[in-house]
Amino acid sequence: MSEKVYRDEPRNREPEISKLVSTFITEDGYERNHSTQPAAEQLDARTHRVLVDGLVRNPLNLSVATLRSDFPQHEVTCALQCAGNRRHDMRTVVKEVQGIDWLDGAVMNCRWRGPLLKDVLEKAGIIDLGTREGANVAFASFQVECQEDSWYGASIPLMRALDPDKEVVLALERNGKPLSVRHGYPVRIITPGLAGARAVKWLDRITVQQEESPNHYMQRDYKALPPQAVDSESAERYWGITPSVQETPANSAIASPRAGDTIKRDRDGKVACHGYALPSGDGGPVVKVEVSADGGHTWSKAEFEHYGKEGKWTWKFWKAMVAITPGESKIILSRATDAAGQTQPAIPPWNLRGVCYNGYGEARDLTVR
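Not measured: the values here are computed from a predicted model.

Cut-offs used in this document
- Residues numbered from 1 in each chain as written.
- Predicted model: local features only at pLDDT ≥ 70, side-chain atom pairs only at ≥ 80, totals over all residues.
- Heavy atoms only, no water.
- Phe/Tyr/Trp six-rings, centres within 6.5 Å; stacked < 30°, edge-to-face > 60°.
- Helix = DSSP H or I, 4+ residues; strand = E, 2+ residues; numbered from the N terminus.
- Buried < 20%, exposed > 50% of the residue type's maximum accessible area, 1.4 Å probe, protein only.
- Salt bridge = Lys/Arg side-chain N within 4 Å of Asp/Glu carboxyl O.
- Core = buried A, V, L, I, M, F, W, Y, C linked by side-chain atoms within 4.5 Å.
- Contact = heavy atoms within 4.5 Å.
- 1 Å grid on protein atoms, 1.4 Å probe; cavity = no way out; pocket = protein on both sides within 12 Å on 5 of 7 lines; lining within 4 Å.
- Points joined across faces, edges and corners; volume = space filled by probe spheres on them.
- Nonpolar A, V, L, I, M, F, W, Y, C, P; charged D, E, K, R; others polar.

*Asks:* Go over the packing of aromatic side chains with me, naming the residues and quoting the values.
*Replies:* For any pair of aromatic rings, the description consists of the separation of the ring centres together with the inter-plane angle of the planes. For the structure shown, the criterion picks out ten aromatic pairs. Ring plane angle 80° and centroid distance 6.2 Å describe the contact between Y30 and W102, whose orientation is recorded as edge-to-face. Highlighted residues: Y30 in the loop between α1 (17-20) and β3 (49-54) and W102 in the loop between α3 (87-94) and β6 (107-115), separated in sequence by 72 residues. Like Y30, the residue W102 is buried in the burial classification. Taking the centre distance of 5.5 Å and the plane angle of 40° together, the rings of F142 and W151 count as tilted. By the ring-pair criterion, three or more aromatic residues cluster together here, those being F24, Y276, Y307, W315 and F317.

Here it is, written out as structure tokens:
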């Protein structure tokens, strides 16, 4: 299968998974947009400014040059995953959902470099809030009008933004090079462990505030609505009371074999399989991946492939030789467990928007010779 393009405008695509897992550090990452991309000529690192305001003593108007020169530069390697990754599996394994039919390629593992958000906020000086619990930091891009709002926005808890261990950065570089427009040039927020929807591209504004971002994509999308919300009409009563997705759950996917493949056993009655695994939010790293060829009745440990930039926030590549009987309509499953003990369930609760699906990784309808 070649790359899958869901829309050209807005541009939404995922790379073919064999290409995606061919390198630990992702060059050709997925693209998720709720708007057209800004024209290259409207984004100029020499003139772009990021405003820092809200509940701060000293509002800032920061140039890209200032972000480079006035703050220590921090590099974090992390997986960035769309909350809708594997939506196709929820749609086909559980029942119909709304949204783009992402397979398992809406994730990328990259090196991001720029100043820590913590350092920028400390320079602005957050006012005395009494307690910082419940306060938020909102991010906004006003570069282009979105499908469901005139701008794009998201927010994360202030306590997370101020925690150096969470490594939230204003990324100026990706994999050692300046950001491309499609990945957020000239400045993008990167929030390790959180859904990609919170990693706002083409960043214009950072606001410290008590409430979450009021943007449509924070309040009326990217929420795991309860199963009682079965359509757009019944969902109305739940948008305001359902938490916004922040952390993503432990997950794994099988890159090979793929659904419908014909595969041949070796002399020991085994077939080779491999894939990727992701930790839950702050729960990394992934510490175990298991595979099963009997519907999950028995599991065997997979082996990790090790790389130099592995860490708490990164994906892990795994491989295994799986004993399987010959025949048709066979299935191989995978499940990941992270350092926090979070493990994939067989099937997670269904939700209308099909977000955060992390049922067992699977390769279905295999013909085994």
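*Asks:* For the pattern of salt bridges, give the residues involved together with the corresponding values.
*Replies:* A pair can form between side chains of opposite charge whenever their charged atoms are brought close. Tallied over the full model, the rule gives 27 salt bridges. For R258, the salt bridge goes to D104, with nearest N and O atoms at 3.0 Å. One end of the pair, R258, is in the loop between β14 (251-256) and β15 (262-263); the other, D104, is in the loop between α3 and β6, with 154 residues separating them in the sequence. A salt bridge links R220 to E236; the shortest N-O distance between them is 2.6 Å. Note that R220 is positioned in the loop between α6 (216-219) and α7 (232-235) and E236 in the loop between α7 and β14, a separation of 16 residues in sequence. Judged by relative accessible area, R220 falls into the partly exposed class, the value being 33%. Judged by its relative accessible area of 45%, E236 falls in the partly exposed class. The network of salt bridges with shared partners includes E3, R11, R13, K19, D28, E31 and R182.

*Asks:* Could you give an account of the nonpolar core, naming the residues involved and the relevant values?
*Replies:* By size, the foremost hydrophobic cluster in this structure holds 43 residues, and its most contacted members are L117, L121 and I206. If we ignore the near neighbours within four places in the chain, the residues touching L117 are V137, F139, I156, A161, V168, V169, L170 and I206. Grouped together as the second largest cluster of nonpolar side chains are 20 residues, Y6, C82, L116 and A199 included.

*Asks:* Which residues make up empty space enclosed by the protein, and what are the values?
*Replies:* In the structure shown here, the tally under the stated rule is three cavities of 30 Å³ or more. Estimated volume of the largest cavity: approximately 280 Å³. Lining the largest cavity are 24 residues; nearest its centre among them are R32, N33, Y152, R188 and K201. Residues that form the lining of the largest cavity fall into these classes: twelve nonpolar, seven polar and five charged. In this model, the second largest cavity occupies a volume close to 100 Å³. A79, Q81, G193, L194, T248, L278, P279, S280, G281, K312 and W313 are the residues that line the second largest cavity.

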